[in-house]
Amino acid sequence: MIFVGDGALLRRAVAHAAAQGHPVDLVCCEDPQDAAGARHLHLPAPEDINAHADVLARACTDGVVWSLNNRRIFRAPLLSRGLRILNIHNGLLPRHRGLPSVAVLFALLNGEHEYGATLHEVDAGIDTGRVLAEHRFPIAPDSRHFQVMLRGVRACQALFEETLPAIAAGRPLPPPPAPAGPPAYYGTRALTRLAAHRDHPAYPAATDLGPFATHAPELAAAISPEPTMDPTSLPPGPIDPQNRTPP
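Residues numbered from 1 in each chain as written. Predicted model: local features only at pLDDT ≥ 70, side-chain atom pairs only at ≥ 80, totals over all residues. Heavy atoms only, no water.

Draft legend 1. Representation of the packing of aromatic side chains in the model. Taken as a whole and assessed by the stated rule, the structure comprises 4 aromatic pairs. Taking the centre distance of 6.0 Å and the plane angle of 70° together, the rings of Phe-3 and Phe-160 count as edge-to-face. With Phe-3 in strand E1 (residues 2–5) and Phe-160 in helix H4 (residues 145–169), the pair connects residues that are 157 residues apart, well separated along the chain. Look at Phe-3 and you get buried, because its relative accessible area is 0%. Plain terms: the ring middles of Phe-106 and Tyr-186 are 5.6 Å apart, the flat faces sit at 20° to each other, and that makes the pair stacked. Of the two residues, Phe-106 is situated in helix H3 (residues 100–109) and Tyr-186 in strand E9 (residues 185–186); the sequence distance between them amounts to 80 residues. Residue Phe-106 shares its accessibility class with Tyr-186, and that shared class is buried. When the ring centre of Phe-106 is taken as reference, the NZ or CZ atom of Arg-193 above it lies at 4.9 Å. (Phe/Tyr/Trp six-rings, centres within 6.5 Å; stacked < 30°, edge-to-face > 60°. Helix = DSSP H or I, 4+ residues; strand = E, 2+ residues; numbered from the N terminus. Buried < 20%, exposed > 50% of the residue type's maximum accessible area, 1.4 Å probe, protein only. Lys NZ or Arg CZ within 6 Å of the ring centre and 35° of its normal.)

Draft legend 2. Expanded view of the sheet that holds E1. Pairing in this open sheet of 7 strands is mixed, and the strands run E3-E2-E1-E4-E5-E7-E8 from one edge to the other. Two strands lie at the open edges of the sheet, namely strand E3 (40–42) and strand E8 (131–138), each paired on one side alone. For this sheet the average axis-to-axis angle between neighbouring strands, irrespective of direction, equals 15°. Pairing of E1 with strand E2 (residues 26–29) involves 3 bridges; the strand directions are parallel. Each bridged residue has a counterpart across the sheet, and for Phe-3 the counterpart in E2 is Val-27. (Pairing = 2+ DSSP bridges. Axes fitted to C-alpha atoms, helices over the stretch in contact; angles between N-to-C directions.)

Structure, rendered in structure tokens:
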């Protein structure tokens, strides 16, 4: 199997898979330390992973590619190489498509009671592939942004470890529960609506980024008392980052 992503979530998944005796054929990430000693393909976050489609297809011995904390979008020709590409998304799909940091913000502003992580197949859309499994948890009334984000990261790790044996063995997973809510998408453009919520009673908790502030610069800039940039002016970049785990 191949792993694509960055940061602690990726590193822990690679180490767990190796410890359980699963083949780790290649780790595609920016920092070699995130490869946890496995064979490493240096892949800066902005670089197009699809340019390495042939390398990945040759390296993968079981046809499985895991995407964790990944800021890269899978496109052609990689999607046509016969690989089963699986993404662990920080959020419940299709309710929390897009940027997890923005999805958590609006989940708190909207008074949602549930969040979690989703395992889904990767297709040509953005967070639109078939949902295979979920790990849900309740949002407490006094939850703050960084607390939900941290629980989301932990849910991602737990979901990977729970589903790895079945995926590796080619066994079907139990049917996932019904969708958590209507489909919604949260990208940087959603931050243009933030000004209308500044008087919302949940705004202080929803914008308390804590240690995640450095990992969500677009959100930190948008909630600043004096925003330094227009979120819509940011380069589009990848849409499904699994939001780096703080050191």
